[in-house]
Amino acid sequence: MHDQKKLDGFEAIVLPQLSAAYNLARWLTRNDHDAEDVVQEAYLRAFRFFDGFRGGDARAWLLTIVRNTYYTWLSNNRLRDVSASIEDESWDLESDAPSPELNAINTSERDRLEGAIKELPAEFREVLILRELEGMSYKEISDITDIPIGTVMSRLARARKRLQQCLANVLGREA
Amino acid sequence: MNCEDTQNLINAYIDAELDLVRSVELEEHLRDCPVCSTDHENLQMLSSAIGNLRYQPPAHLQKQITTAIRKEAKSERKDVTSERKLRLWSWRPVYVAASLAFIAILSWSAIRLLSIRSGNDLLGREVVASHVRSLMAEHLSDVLSSDRHTVKPWFNGKLDFSPPVQDLADENFPLVGGRLDYLDNRPVAALVYQRRQHYINLFIWPSTGGSDAPSELSSQGYNVVHWNSAGMACWAVSDLNKRELEEFSELVRSRFAIEN
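Since this is a predicted model, take the numbers as computed values, not measurements.

**Q** Now, about the pairing of strand S6 (residues 222–229) of chain B: what can you tell me, with residues and values included?
**A** All names here are of chain B. Most of S6 sits out of view: 8 of its 8 residues are buried. Taking every second residue as pointing to the same face, both faces of S6 are buried, with Tyr222, Val224, His226 and Asn228 on one and Asn223, Val225, Trp227 and Ser229 on the other. Where strand S5 (residues 215–219) meets S6, 5 bridges bridge the pair, whose relative direction is antiparallel. Directly across from Leu217, in S6, lies its bridge partner Val224. Remark: 2 residues form the turn of the hairpin made by S5 and S6, two consecutive strands paired antiparallel; Gln220 in that turn has positive phi of roughly 50°. Direction of pairing for S6 relative to strand S7 (residues 232–238): antiparallel, over a ladder of 7 bridges.

Written out as structure tokens, the structure is:
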């Protein structure tokens, strides 16, 4: 009875966070296949530790596990990670309902931006993705990544600066 | 507010993390300064452009995960059911007495576990965080050696105590290296061991407590074993399964006891 309750609770609370979990894993691993592996492993871990979930923000809780699973996976697959980063990346970003901002930016600029983010070191990438795509506050990011709020802020600032430089360099060379 | 202040605070402003007073001051500066104002626009453009780069999970993934979890839940349940079947075989009064004893032992260990947990929970989480950090690029060890006679002297002058360093390669837990870390408000020794593809961080620092039995925690998918022995607090943490981590801890404890 208890087990069914645990399963139901898990499916109702944690499963709906799949989109956030996949997005983070996909940006961290930088390819579809590994992202799926990391997410599935993270979900299994989350299920095993679901008894320890004290309520609160299920998305933040799950993303913490996704992130930890990713670093474990990374240390187990160091060589594969190098090859994955030069692998051809398939393009499966959400394309429906483009925002007005996106209309102003042509597709190739979007490609460049994606490429520039992938070039960022993981510790910058994760902070950027949690902020820009998950809309998390500095405090929430600090809890998930276990770094001080001041470091969250400086990493975000440096990541953005680097992205702007990358994009400016590409544009400058073409002009 | 001048340009320098604005540059320092503009990211916090964009992220709505700046307090009201300084937000107003910053907005005033943006009105007056075309350079900062352009910068602000660029940052906002960048921000909303990134906001559109969201990956969606493939359609099959949710189903795949649901299946995996239900399977996991079933295997957990199967353990419980086979236990129940076993109980049916037993004689009823024995069964009742056994259950009572079982409940007594269970609640005694639960109370014991809880009291350990409350004291060590916070530190346990700190230890896990430290372990995770060490696995991030190139933070695992400062001295890379499987030779304890290299690792042990390396700590000299870096710590105010000499950590016991053992190579457990003959037990299939090779020593990989050592590192300085900071836990429980003090510098500590971190020894890194490996089993297959799993790394184990063994954190050691002097403690006032005497020797005691190991206690276990798990947090965020990591297993942690903690004990005190001969004036040292020891914490082993890894993503290795519980059984092998216990085996590792036992080895370290017994070797440590011989050394002292």
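**Q** Give me the lowdown on helix H3 (residues 32–48) of chain A, citing residues and values where you can.
**A** Residue and element names in this part refer to chain A. With 17 residues, H3 ought to run about 24 Å at 1.5 Å a step, and its terminal C-alpha atoms sit 25 Å apart, in line with that. Among the residues making up H3, those that are buried are Asp34, Ala35, Glu36, Val38, Val39, Ala42, Tyr43, Leu44, Arg45, Ala46 and Phe47. Two or three places before His33, at the opening of H3, Asn31 has a side-chain oxygen 3.1 Å from that residue's backbone nitrogen.

**Q** Tell me about the confidence of the model for chain B, residues and numbers included.
**A** Residue and element names in this part refer to chain B. With 87% of its residues at a pLDDT of 70 or more, chain B shows a mean pLDDT of 83. Confidence, expressed as mean pLDDT per element, reaches its minimum in chain B at strand S1 (residues 143–144) with 72 and its maximum at helix H3 (residues 34–50) with 93. Quick note on the complex model: pTM equals 0.54, ipTM equals 0.78.

**Q** Mind laying out the nonpolar core, listing which residues take part and the relevant values?
**A** Grouped together as the largest cluster of nonpolar side chains are 76 residues, with contacts concentrated most on Val39, Tyr43, Leu113, Ile117 and Leu163 of chain A. Among the elements that line this core, the one with the most residues is helix H4 (residues 58–76) of chain A, at 11 residues. In contact with Tyr43 of chain A, other than residues within four places in its own chain, are Phe10, Val14, Leu15, Gln17, Leu18, Ala21 and Leu62 of chain A together with Ile65 and Ile69 of chain B. Trp205, Tyr222, Val237 and Phe256 of chain B belong to the second-largest nonpolar core, a separate cluster that totals 42 residues.

**Q** Talk me through the interface of chain A and chain B; I want residue IDs and the actual numbers.
**A** Contacts between the two partners involve 60 residues from chain A and, on the opposite side, 49 residues from chain B. Both sides of the chain A and chain B interface together cover about 5,400 Å² of buried area, and 58% of this is carbon and sulfur. Across the pair Glu11 of chain A and Arg70 of chain B runs a salt bridge, and its minimum N-O distance is 2.8 Å. Our count for the chain A to chain B interface comes out at 23 residue pairs in polar contact (both at pLDDT 80 or more).

The rules behind each value
Each chain has its residues counted from 1, running along the sequence as written. Chain labels run from A onward and ligand labels from 1 onward, assigned in the order the entries are written. Selection of residues for local features in this predicted model requires a pLDDT of at least 70, selection of side-chain atom pairs for listing and counting requires 80 or more, and totals for whole chains, interfaces and linings are taken over all residues. Computation of side-chain values: all heavy atoms of the structure, hydrogens and water removed. Each residue gets one of three labels from its accessible area relative to the maximum for its type: buried under 20%, exposed over 50%, partly exposed in between, using a 1.4 Å probe on protein chains only. A run of DSSP states H or I qualifies as a helix once it reaches four residues; a run of E qualifies as a strand once it reaches two. Both are numbered from the N-terminal end. Two strands pair if DSSP finds at least two bridges between them. One less than the number of residues in a helix, times 1.5 Å, gives the span that helix is expected to have. In the analysis that follows, any N or O atom pair within 3.5 Å is treated as a polar contact, provided that within protein one partner can donate a hydrogen and the other can accept it, and provided that, for residues neighboring in sequence, both atoms belong to side chains. The quantity known as pLDDT measures the predictor's confidence residue by residue, on a range of 0 to 100. What makes a nonpolar core is a set of buried Ala, Val, Leu, Ile, Met, Phe, Trp, Tyr and Cys residues whose side-chain atoms join them at distances within 4.5 Å. Note on definitions: a residue-residue contact is assigned when non-hydrogen atoms from the two residues lie within 4.5 Å. Note on terms: buried area is the combined drop in 1.4 Å-probe accessible area of two parts once they are placed together, counting the loss on both. A carboxyl oxygen of Asp or Glu within 4 Å of a side-chain nitrogen of Lys or Arg is what we treat as a salt bridge.

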